[in-house]
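# Coordinates in review
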Amino acid sequence: VLIPPDHIDEEAAILSRIRAGEMVEHYVTVRRRKDGSDVDISLTVSPIRSATGQIIGASKVARDITKQLLAQKALDESATRLNLALAASNLGHWSWDIATDLVTFSKTAAEIFGIPDGPQMTWTKMRDLLHEDDREQARLDAIAAYNEEDCLATLELRDWLLARREEAAEQYGV
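Figured I'd write up the structure that's included with this text.

Rules behind the numbers
Residues numbered from 1 in each chain as written. Predicted model: local features only at pLDDT ≥ 70, side-chain atom pairs only at ≥ 80, totals over all residues. Heavy atoms only, no water. Salt bridge = Lys/Arg side-chain N within 4 Å of Asp/Glu carboxyl O. Helix = DSSP H or I, 4+ residues; strand = E, 2+ residues; numbered from the N terminus. Contact = heavy atoms within 4.5 Å. Pairing = 2+ DSSP bridges. Buried < 20%, exposed > 50% of the residue type's maximum accessible area, 1.4 Å probe, protein only. Arc of directions from axis to C-beta.

What follows is about the pattern of salt bridges. Under the definition given, this model contains 6 salt bridges. Here Glu136 makes a salt bridge to Arg127, at a shortest N to O gap of 3.8 Å.

Once that is clear, we can look at the environment of Ala138. Tracing the backbone through its elements, the reader meets Ala138 in helix 5 (residues 135-147). Sequence-wise, Ala138 and Arg127 are 11 residues apart; in three dimensions their C-alpha atoms are separated by 8.2 Å.

What follows deals with the environment of Val61. As for its position among the elements, Val61 is in strand 3 (residues 55-64). Remark: the alpha-carbon pair of Val61 and Val45, spanning 16 residues in sequence, is separated by 6.4 Å. Once you skip the residues sitting within four places of it in the chain, Val61 turns out to touch Ser42, Leu43 and Thr44.

Across 4 bridges, strand 4 (residues 94-97) lies against strand 5 (residues 102-105) in antiparallel orientation. For Trp96, the partnering residue across the bridge sits in strand 5 and is Val103. Joining the antiparallel neighbours strand 4 and strand 5 is a turn of 4 residues, in which Asp101 adopts a positive phi near 60°.

In the sheet, strand 2 (residues 38-49) pairs with strand 3 via 9 bridges, with the strands oriented antiparallel. Note on strand 3: the bridge partner recorded for Val45 is Lys60. The hairpin formed by strand 2 and strand 3 contains 5 residues between the paired strands, and Gly53 there has a positive phi angle of roughly 95°.

Restricting attention to buried positions, one finds in helix 1 (residues 8-19) the residues Glu10, Glu11, Ile14 and Ile18. The buried residues of helix 1 occupy one face: seen down the axis, they fall within an arc of 100°. Turned more than 90 degrees from where helix 1 packs its buried face, Asp9, Ala12 and Arg19 sit exposed. Contacts made by the buried residues of helix 1 are with strand 1 (24-32), strand 2 and strand 3. Of the residues trailing helix 1, Gly21 is marked for its positive phi of about 85°.

Encoded structure:
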């Protein structure tokens, strides 16, 4: 794997860090294959030391991260499309981090519930905002989604939610 001309200065900086005894971890860059095509890589370089501790070489590992970068790009594009669709339809979303028991609301969801957006409350407090007939099913759906590979759940909430806005604002001091 060769260094493309527009990345040639990276090698000197990496070697300087190795000479100083530092390890270079997960340095994202581009290298050129023998066929002339470029490849995105994550580079890790570690100094190799003699028995006396003197640096006598370097170990270099380059991982092709093309698939990861493409997956991240697709994820970012999907998130952009979702946010556009949510904005166009005036829908909000919230997420529950089961490990911390913290529920985070999007701006629109927070407006619907009548609370500030961002990390807000525990799941128990969030459940109080739901219609009593929906609370247990919402909990079960969220746990099921957590256990699934895609970690998504769709919960249908009742129309009364907008009517509870003032009540929620009073209850949570907003």
